[in-house]
Structure formats: C-alpha cells, structure tokens
Amino acid sequence: MANPCVHCGTDCGKNPVVWEGKNFCCHGCKAVYQILDEKKLGTYYEIQPMAGIRIETGQPMKKFAFLDLEDVADKIAEFRDGNTTRVRFFIPAIHCASCIWLLEHLDTLHPGISHSSVNFPKKEVMVTFRNDRITMRQLAELLASIHYVPEITLEQLDRKNIRKADRSLLLKIGIASFSFMNIMMYSFPEYLPGGDLLEQQYKNIFGWLSFVLILPVVFYSAGDYYQSAYKGLKHKIISIDLPISIGIIALFFYSSYVVFSGAGIGYMDSLAGLLFFLLIGKWYQGKTYEALSFERDYRSYFPVAVSVMTESGEAIVPIRELKKGDRIVIRNQELVPADAILEKGYGSIDYSFVTGEALPVAKQAGEFIYAGGRQVGSSIVLVVEKPVEQSYLTQLWNEGSVKDETETLNNHINYISQYFTAAVLIIAVAAAAYWATIDLGKAIYVFASVLIIACPCALALTVPFTFGSTMRAFGRKGFYIKNADVVEKLYRATTVVFDKTGTITLNRKVEVGFQGELLSEDELALISNVVRHSGHPLSMALKEYLPKAGEIVPERYEELPGLGQTVIITGHRINLGSEQFVTGADSGSEMRESRVYASIDGIQRGYFTFTNSYREGLDSLISGLKKRFSLHLISGDNDAEAENMRKIFGGDAGLHFNQSPTDKKQYILDLKANGEKVLMIGDGLNDAGALAESNVGISIAEDVFSFSPACDAILKADSFGYLGKLIGFTQKSFKVVRRSFIISLFYNVIGLSFAVTGMLSPLVAAILMPVSSISVVAFATLSIRWFASKELNK
C-alpha cells in the first residue's frame, strides 16, 4: 500500500488528511490519533501498527441520547451504588491486542473512569465509572469517539447480567465433588491390604463422617433424577432416570445399613463418584457456547430508543413506549421499529433483512412502511400505526412453531430403558428369591449387586458425552449448535433447503464491472468520493470496488431516493444512478444484473454492472449434498439469476423466487407434510418462520455474536464450505454411540452373570459402576476427537 493511514492502515490516496507530517485517510482517524497522542497513549500503535478502526461518516453521537433516561440506564447497568456504576458494553470492533490495551486504559482518557477490562472472546468491555464525573451516555460517546462504538439493543433491557452457566448445577457438582474426594479418603484403608486391622472406633468414625457427607449428595445433587423418575411414573412412563434413581437409593440404604451396623462405611465413595460423573456429563453438554443466543427475537435487533417529535422538539423515547400516532424521526441507516406511514421526506427502505430483496424500495409521503426496514438516505418522519409488539416484524418472530421432539435418540433410550429397567428388576427379584431359600443375607447381597452393576449409567452418559464432544468439534470449525439433539436431527435430515440472498451469496460483496468509456484515475477518485456519502448497497459495493482515494468534500451533494446522486465536487458535476436519471432514457430491455450509470459534466461515460458473488466452496458443497439429499432453493429475490442457480443446483432441484416470508414457511410445511426431514439454511429475518418450522434451522452469520434469526445452529460465514463435512460427521457420531452401546451392553451382561451367582460383591459392583461410566466417556470423547482430526481437518 503506497500511502497507508497511520491510524487504520487504509490507503489515503492522493489527497490525505495531514497532521504533524502524518497521513490519515479521513478527519475521523486524525481526531482519534490526536486524542491518543494528547493522552500519551502511543503504545496503542506500538503493540500493533495501524490497528485502529475506521468509522464512516454519518454516525451521530445523538444516537446514545437514550442513555440519559434513568430507567434505561438502570436496566443496562450491572451495578449502581451511590456514585459508582459498572456497565458492560458489546463492542464488535474489538479485534487485536492494541484494542485490548487501549480499552483497558480508558481511565487515562477520562478521570471519571475508575477501571475497565476486556473480555476478548465475547468482544465486551466492562467499565466502572463515577456518575458525578461522567454519565453513561458520555461514556458511550467517548468510546465512539475513539471508534469503538458500543452496540446496545432492546434485549439488554430485559436482563441485567450476561447469561451464565446454571449455578444450581455447578453447586450440585461442587457438593458431589467435595463429598467424593473426602469419602474416598475415608474409604482408602478398605482398599489396602490389612485394612481389616483398622480399629473399630475409626471404622465407625469414618462411616459416620461418610454418611454425613453423602446426605447432601443423595438428597440435593441427585434431586433432578428423582424428579424425572417421579414425573415419568406419574405419566406411566419408565424413563432412564428410574433405574438410576433405584440404584442410587439402593446403594444409599445398603451403605447406611453397613454404617449403622458398625461394619464399615459401605459404598458411599462409589455413590458419590457415580453422581459426580453423571452431573459432569450434564454440565459438559450445557457448557458449550453459553455466550451464543439461539432464541433471539426482535428485541435483539431493535434499538433501545427512537427520536419522537413533540411540541417542544425531539425527545428520546424507549421504543416499547411508542404508541399509535407518535411522529418518529428515522435517520440514515436507522431501523424502522414499528409499522408506520411516511409523513415527511423521501424514503429509501432497505428490506433485505425482512424480504431478502437486496435493493431498497422508494417510498413517498403517505405510503406505508413495515417495521424492520432500514432507511438509506436522508432523515424521514414517520407516523406510527401500530405499537412495536403488534408490528409486522414481531409477527414474523411469533410465527415460529414448537418443533417435534418425539423422535430423538434420548427418547429412544428412555423407551429401551423401560424394558431394561423391568428386566433388571425381574432379574434382581428372581435372584434374591432364589438365594433367600438358602441364605437371606446372601439374598440382600445379590439383590444390591444386581441393581448396582446393572445400573444403566454408562448408557445414560453415552449420548451427552458423544454429542457434547461433537458440539465442541463443530465449534472449532465455526459451527455452533443449540443442543445435543441437533446432532441427531442433522443425521436424520433428508432434504436441504437454501435461501439465496446472504446465504449462498454475499450481501456486501458483489462482482463489479464497467461498460463504456475508460475512466481516468482522477475521475475514479471523484466517483469514489461521491459514493462514500451514500448508504445504498450498490454505492457501498462500488466504493469497495474503486481504488482507495483521499477524502474530498463535495461542494454540493444531493441524493434522490430511488434515482441516484447528483454532486458537484472540485467543480465537476457528477451524476450516478439509474439509466433514466443519468441518461434521460429508458431502454426498457430486461437486465440480468444491476447497473449504476455515470455521467461527468453532462457527458455520459457508461455504467457499472453488479452481479452477485457466491460464497467460497458453494459448488463443492452443493455437489456433495446432491449425493445424499434432495435440494431446494427459496428466495425473496427475483429470478434474474435463475439460470446460474440451475447450473449450480442441477435440473432436479426445486428453485423458487419472489417468495415472501409466509411463502417460505408454507413451503417448509409442505415438504414436512410429504414426510421429509427438512434442513433449512438461511440468514435473514425473512427466514425466521421457515427456520422455526424446519426440523433443523441453520443461520449463516458473519459475526456469531450479532443478530441471527431464531435457529438450531449458527454457522460462521467463513465456514460455509465445511457444511457438507459437518453434516456428514453426524454419521460418525452415531457410529460412536452404537459402539458405546455395545460396550455398555457387554459390561452389563458380564456383570449380571457374576452378580446373580453371588460371585460379585456390592463393593466390587460399586467400583465397577463408575469405572464403566469412565470407560464409556473416555471411549466416546477420544473417538469423536480422533474422527474429527481425520474427517474435519482434511
């Protein structure tokens, strides 16, 4: 790069902004550099040169005015006491060590800031500050002034804390772990030669201490298993938690009897170990990716507040307080939060996230605008027609349905466990009855051994550990699934349905070409400075395509929504836009691509062409999926690229264009009605209903921490090409599950054969029980890790 910006590294072009001999691409980067230089924070650039973030113009500080509202600030703050407040901001721009260093030295930029720390994986900064010296709004504006703009959404008002792991489960694991380790210590003499020589009074002490320690494990840590077993029996269902509960209770009462009789400490250590491993399995499954949200709704997409026109001027009002008749101001790139009618200004509404159509829709005064659209251009005034909760965008979210969970592997395991439990009880009772005719003490001995050795703990751990390991393997490839059941649903899918815009195509990257008279370098620089002032998707695409140029401020700028831009810059008049706007004519011919025509000083120079750019790996992905699935494409866009889609998907695929959100949802329902197991892959809000109705919904996301529709899985955009391998990997997961079941069955058959003959003591059975669980867990975890290294790293 010939002339990089000192702050962000962007090419400054021929006309850089200069300060003290240093070149900047824009006045914003220069301002940030001056702030850091004044506060002697030059280390920011030493850690990683040109690490700054470049922010485009048109982001007014007034956007944070809602933070002056006390009720809003109270809900966003994590802690407020006197003059001290602590707040956590999500800042997507955090990307390197320099960012962390600067954000952890915010106290240098303002004396009202006491402390700041960064959570890099979650892109969050925690700031503690004094209310009497700096307000929350001023803090947000300070961050924005150094180009770290906080992203604050309505969803944050409904929760003060970032979602954390289930504390109740962690507490249960902690209690089980503590008891397990201590009881093992008390049991240690019994495992050593000569342990029977231990004095009786010590045996009694160790026994009673173990009994006291096991009580919270049995009556608190194991509580979920009892509740599950009870609810199952209440509904005449024998779940897998029933034999686990019976095993826990049998082991507890048998061990208690041993303690009370003064014969030792029983099998308290094995009981504590059993519950510890069971709870770890449950935690292992839920631990994965707690920072991700899969049930997001309109609140995580909407802003917190909006400007409302009142008699005294503009006022900032939380959007949940909007009512019919309110006059709201929507500025460039701001979201329309409620269904409304355009009262003043020219609307250019980008509905790409709602309908899938990439080009903005022109709106005139008096026309209706749906919630979820984004204004592209100058400010407009709208009159609210419906409150936020009743708007079109909210209805899209509420169209989601509850997915059928009847055919899951866990349910099959529960079904099998009913017969397993019945068989174990019959065997235990029959063996005890037989031995009771010979020796009653032996009968109790055998009954306990059978129940303990045949406890299906290994069976219970197989699925969570196998699928939990699969979730982690997926996560390393940028594929984050909601829960373990999604692995099974991916395995059982028979049909794959793709959305087009933003899913197989790139929203912000198009292939740009030029037809016409060759433009000079200076003319291209002028056009680049024209389009940088527009938020239209085609203007942004053209700006990315053109060579980097130094910032030039136009003498006059006007953007006509739906038509184009007319600009006077360095004395030249430049018109960019539609054919009719620039040339005054309309050829009427059907175009298979979008075009932006250009004229300089009244002379027509040609037009830029824009065609969609497809995600890397699309051809190989579709080619691989064809072999196993029936493929479909449903898009809200027009059929301009139908021919390209046929070449990629093949003639057998179902291709459907101009589909509304309701059409997409109905299409999924029709496929399911025909017995298909549908995997839907989309990205936009317009896909929310279809994603919710599908058996598995996958959302493509450029940033997994930003907004995504409600879905079962989130796939990072740069991992798109891996999707076929990831889906195929579920077959390996099921192979591991089946092999684990065989190991568990083999263990149970061998163990029962020894237990019923009285050759296996409850002590050995209790030792073997957690050992079998550990062996199955180790097999599942290591197998998945081996398969992942072999299959996913090719």
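Residues numbered from 1 in each chain as written. Predicted model: local features only at pLDDT ≥ 70, side-chain atom pairs only at ≥ 80, totals over all residues. Heavy atoms only, no water.

## Considering the overall build of the protein
- Secondary structure summary: the protein contains 25 helices and 28 strands in total.
- Within the protein, buried positions represent 53% of all 794 residues.
- Summarising the internal contacts of the protein: among those between residues at least 6 apart in sequence, 68% fall at separations of at least 24.
- With an accessible surface of roughly 35,300 Å², the protein has 56% of that area assigned to carbon and sulfur atoms. (Helix = DSSP H or I, 4+ residues; strand = E, 2+ residues; numbered from the N terminus. Buried < 20%, exposed > 50% of the residue type's maximum accessible area, 1.4 Å probe, protein only. Contact = heavy atoms within 4.5 Å. Areas by Shrake-Rupley, 256 points an atom, 1.4 Å probe, with all protein chains shown as cover.)

## Some thoughts on unusual backbone geometry
- For threonine 570, which is not glycine, the phi dihedral falls at a positive 50 degrees.
- Following the sequence through the fold, threonine 570 ends up in the loop between strand 20 (564-569) and strand 21 (572-577).
- In this structure, aspartate 601 is a non-glycine residue whose phi angle is positive, near 55 degrees.
- Note that aspartate 601 resides in the loop between strand 22 (594-600) and strand 23 (603-614).

## Focus on the sheet that holds strand 14 (residues 374-375)
- An order of 12-11-14 is seen for the three strands of this open sheet, with the pairing classed as antiparallel. Either end of the sheet is taken by a strand with one partner, and the two such strands are strand 12 (361-363) and strand 14.
- Examined bridge by bridge, strand 11 (residues 347-350) and strand 12 share three bridges and lie antiparallel to one another. Of the residues in strand 12, the one forming a bridge with serine 348 is alanine 362. (Pairing = 2+ DSSP bridges.)

## Side note on the pattern of salt bridges
- Under the defined criterion, the tally for this structure stands at 14 salt bridges.
- Residue arginine 130 pairs with aspartate 132 through a salt bridge whose shortest N-O separation is 3.1 Å.
- Residue classification places arginine 130 among the partly exposed positions, given a relative accessible area of 31%.
- In this structure, the salt-bridge partner of lysine 172 is aspartate 224, at a minimum N-O distance of 3.1 Å. Remark: aspartate 224 occurs in helix 9 (residues 223-234) and lysine 172 occurs in helix 7 (residues 167-187); sequence separation between them is 52 residues. (Salt bridge = Lys/Arg side-chain N within 4 Å of Asp/Glu carboxyl O.)

## Let's talk about the nonpolar core
- With 50 residues, the main nonpolar core has Phe479, Leu490, Phe498, Phe649, Leu679 and Ile698 as its most contacted residues.
- Looking at this core, the element that brings in the most residues is helix 24 (residues 723-755), giving seven residues.
- Among residues more than four places away in sequence, those in contact with phenylalanine 649 are Phe498, Ile504, Ile622, Lys626, Leu631, His632, Leu633 and Leu655. (Core = buried A, V, L, I, M, F, W, Y, C linked by side-chain atoms within 4.5 Å.)

## Details of helix 21 (residues 642-649)
- Inspection of helix 21 places Ala642, Met645, Ile648 and Phe649 among the buried residues, and these make up the whole buried set. Taken around the axis of helix 21, the buried residues stretch over an arc of 120 degrees, which confines them to a single face.
- Buried residues along helix 21 sit in contact with strand 17 (495-498), strand 23, helix 20 (618-626), strand 24 (630-634) and strand 25 (654-656).
- Phi for glycine 650, located one or two positions after helix 21, is positive at around 90 degrees. (Arc of directions from axis to C-beta.)

## Re the packing of aromatic side chains
- What the rule picks out here adds up to 16 aromatic pairs.
- Measuring from ring centre to ring centre gives 5.3 Å for tryptophan 208 and phenylalanine 260, while their planes differ by 40 degrees; the resulting arrangement is tilted. Placement of tryptophan 208 in helix 8 (residues 200-221) and of phenylalanine 260 in helix 10 (residues 241-260) is noted, with a sequence separation of 52 residues between them.
- Ring centres of phenylalanine 474 and phenylalanine 729 lie 6.0 Å apart, and the angle between their planes is 65 degrees; this geometry places the pair in the edge-to-face category. Residue phenylalanine 474 is located in helix 15 (residues 457-476), and its partner phenylalanine 729 is located in helix 24; the two are separated by 255 residues in the primary sequence. (Phe/Tyr/Trp six-rings, centres within 6.5 Å; stacked < 30°, edge-to-face > 60°.)

## Regarding the pairing of strand 8 (residues 313-318)
- Pairing between strand 7 (residues 305-310) and strand 8: six bridges, direction antiparallel. Bridge pairing in strand 8 links methionine 309 to glutamate 314.
- The turn linking strand 7 back onto strand 8 is made up of two residues.

## Overview of the confidence of the model for the protein
- Here the protein averages 76 in pLDDT, and 75% of its residues register 70 or above.
- Of all the helices and strands in the protein, helix 12 (residues 392-398) carries the lowest mean pLDDT, 54, while strand 21 carries the highest, 92.
- Counted against residues more than four places away or in other chains, residues 53-60, with its pLDDT under 50, gives 20 contacts.
- Counted against residues more than four places away or in other chains, residues 288-297, with its pLDDT under 50, gives 40 contacts. (pLDDT = per-residue confidence, 0-100.)

## Section: the side chain of serine 307
- Looking at the secondary structure, you find serine 307 in strand 7.
- The exposure class assigned to serine 307 is buried, which follows from its relative accessible area of 6%.
- Excluding residues within four positions of it along the chain, serine 307 makes contact with Glu314, Ala315, Ile316, Arg327, Ile328, Val329 and Arg331.

## Observations concerning the pairing of strand 20
- Burial within strand 20 is extensive, with five of its six residues counted as buried.
- Bridge count for strand 19 (residues 556-560) against strand 20 is five bridges, and the pairing is antiparallel. Residue pairing across strands places tyrosine 557 opposite valine 567, the latter belonging to strand 20.
- Counting the residues that bridge the hairpin from strand 20 to strand 21 gives two residues, and of these threonine 570 lies at a positive phi of roughly 50 degrees.

## Notes on the side chain of threonine 470
- Looking at where threonine 470 falls in the secondary structure, it is placed in helix 15.
- For threonine 470, a relative accessible area of 0% corresponds to the buried category.
- What threonine 470 contacts, discounting residues up to four positions off in sequence, is Val487, Phe729, Ser733 and Ile784.

## Considerations on the environment of proline 16
- Within the secondary structure, proline 16 is located in the segment before strand 1 (17-19).
- A sequence separation of 535 residues divides proline 16 from glutamate 551, and the C-alpha atoms of the two residues are 6.8 Å apart.
- Ignoring any residue separated from it by four or fewer positions in sequence, one finds proline 16 in contact with Asn3, Asn23 and Phe24.

## Here's the deal with the environment of leucine 274
- Mapped onto the secondary structure, leucine 274 falls in helix 11 (residues 268-287).
- When the C-alpha atoms of leucine 274 and phenylalanine 180 are compared, they prove to be 9.0 Å apart, with 94 residues separating the residues in sequence.

## Some remarks on the sheet that holds strand 7
- The six strands are arranged 8-7-9-15-10-13 in an open sheet whose pairing can be described as antiparallel. Among the strands making up the open sheet, the edge pair consists of strand 8 and strand 13 (368-369).
- Here strand 9 (residues 327-330) pairs with strand 15 (residues 380-384) via four bridges, running antiparallel. The residue of strand 15 that forms the bridge with isoleucine 328 is leucine 382.

## Considerations on the environment of glutamate 104
- Relative to the assigned elements, glutamate 104 resides in the loop between helix 4 (97-103) and helix 5 (106-109).
- Judged by its relative accessible area of 34%, glutamate 104 falls in the partly exposed class.
- Setting aside residues no more than four positions away along its own chain, glutamate 104 makes contact with Ser116, Ser117 and Val118.

## Remarks on the packing of helix 16 (residues 485-492) against helix 24
- Packing of helix 16 against helix 24 leaves a shortest axis separation of 8 Å and a crossing angle of 110 degrees. In this view, helix 16 runs roughly perpendicular relative to helix 24, as classed from their interaxial angle. Of the two elements, helix 16 crosses helix 24, and the hand of that crossing is left-handed. Residues Val487, Glu488, Leu490, Tyr491 and Arg492 of helix 16 pack against Ile727, Thr730, Gln731, Ser733, Phe734 and Arg738 of helix 24.
- Of the residues assigned to the contact of helix 16 with helix 24, the class counts are five nonpolar, three polar and three charged. (Axes fitted to C-alpha atoms, helices over the stretch in contact; angles between N-to-C directions. Parallel < 35°, antiparallel > 145°, perpendicular 65-115°, else oblique. Left-handed = near helix turned anticlockwise from the far one by under 90°. Nonpolar A, V, L, I, M, F, W, Y, C, P; charged D, E, K, R; others polar.)

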